[in-house]
Amino acid sequence: MAAVCEHIDHIQVTELPEQIEGCVDCLKTGDRWVHLRMCHECGEIRCCDDSPNQHATKHFHASSHPVMRSAEPGEVWSWCFVDEVAFRVVAD
Ligand SMILES: [Zn+2]
Ligand SMILES: [Zn+2]
Ligand SMILES: [Zn+2]
């Protein structure tokens with residue numbers, strides 16, 4: 001993989017949890033989400049920018065964890081908030 005993202009060393013977690021309940025922040029407040037993302041640094045699940053609360057983006061700003069991946073079934077792309085580039089961390 002070309003060096004499109006300079007934050008590869010932030011990637012601690014690559015595989016999704018076996019069970020995903022939903023966005024950890026939406027679950028606390030009873031809000032809804034559209035799609036789910038997983039933080040590659042802490043492994044927590046949060047909601048995408050199509051969701052009303054955009055918790056994945058808020059998590060990036062709050063924690064400076066720059067890279068997340070899709071937590072949707074069959075989706076393996078990852079996204080760096082800093083470099084604003086999509087790439088693939090996980091092999092098939
Ligand atoms: Zn990056
Ligand atoms: Zn959320
Ligand atoms: Zn995180």
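In what follows, the structure referred to is the one given above.
Note that the structure is predicted; figures quoted are calculated from it, not measured. Every chain's residues receive numbers from 1 upward, in the order its sequence appears when written. Chains and ligands are labelled by the order in which they are written, letters from A for the one and numbers from 1 for the other. Local features in this predicted model are restricted to residues of pLDDT 70 or higher, and side-chain atom pairs are both shown and tallied only at a pLDDT of 80 or more, whereas totals for entire chains, interfaces and linings draw on every residue.

## Remarks on the nonpolar core
Phase 1: Under the definition applied here, buried Ala, Val, Leu, Ile, Met, Phe, Trp, Tyr and Cys residues are grouped into a nonpolar core through C-beta atoms within 7 Å. Counting other C-beta atoms within 10 Å of its own, a residue is labelled buried from 20 upward, exposed at 12 or fewer, and partly exposed in the gap between, with every C-beta atom placed from the backbone. With 18 residues, the main nonpolar core has Cys23, Leu36, Cys47 and Met68 as its most contacted residues.
Phase 2: Put simply, DSSP H or I for four residues or longer makes a helix, DSSP E for two residues or longer makes a strand, and each gets a number counted from the N terminus. Elements with a contribution of two residues or more to this core: β1 (36–39), β2 (45–47), α2 (55–63), β3 (67–70) and β4 (77–80).
Phase 3: A total of three residues in this core trace back to one element, the largest contributor, which is β1.

## Comments concerning α2
Phase 1: Within α2 the residues assigned to the buried category are His55, Ala56, His59 and Phe60. Down the axis of α2, the sector holding all buried residues measures 150 degrees, keeping them to one side. Opposite the buried face of α2, at more than 90 degrees from it, the exposed residues are His61 and Ala62.
Phase 2: Each residue is represented by a C-beta atom placed from its backbone, and any two residues with such atoms within 7 Å are regarded as in contact. The inward-facing, buried residues of α2 abut α1 (24–29), β1, β2 and β3.
Phase 3: Two residues or fewer past α2, serine 64 is found with a positive phi of approximately 60 degrees. As used here, the arc is the angular range of directions from the helix axis to the C-beta atoms.

## Here we look at the sheet that holds β1
Phase 1: Whether two strands pair depends on DSSP finding at least two bridges between them. Ordered by their spatial adjacency, five strands build an open sheet running β2-β1-β3-β4-β5, and the pairing between neighbours is antiparallel. Each having just a single partner strand, β2 and β5 (85–88) make up the two edges of the open sheet. Sheet twist, expressed as the average angle between the axes of neighbouring strands with direction ignored, equals 35 degrees.
Phase 2: Where β4 meets β5, four bridges bridge the pair, whose relative direction is antiparallel. Bridge pairing in β5 links cysteine 80 to valine 85.
Phase 3: The sheet contacts of α2 involve β1, β2 and β3, and relative to β2 the element is tilted by about 115 degrees. Lines fitted to C-alpha atoms define the axes here, with helix axes fitted over just the stretch in contact, and angles between the N-to-C directions of these axes take values from 0 to 180 degrees.

## Focus: unusual backbone geometry
Phase 1: Positive phi values are uncommon outside glycine, yet glutamine 54 reaches one of about 45 degrees.
Phase 2: Here glutamine 54 shows up in the loop between β2 and α2.
Phase 3: For glutamine 54, a count of 19 C-beta atoms within 10 Å corresponds to the partly exposed category.
Phase 4: Non-glycine residue glutamate 84 carries a positive phi angle of around 50 degrees.
Phase 5: Along the chain, glutamate 84 turns up in the loop between β4 and β5.
Phase 6: The exposure class assigned to glutamate 84 is exposed, which follows from the 8 C-beta atoms found within 10 Å.

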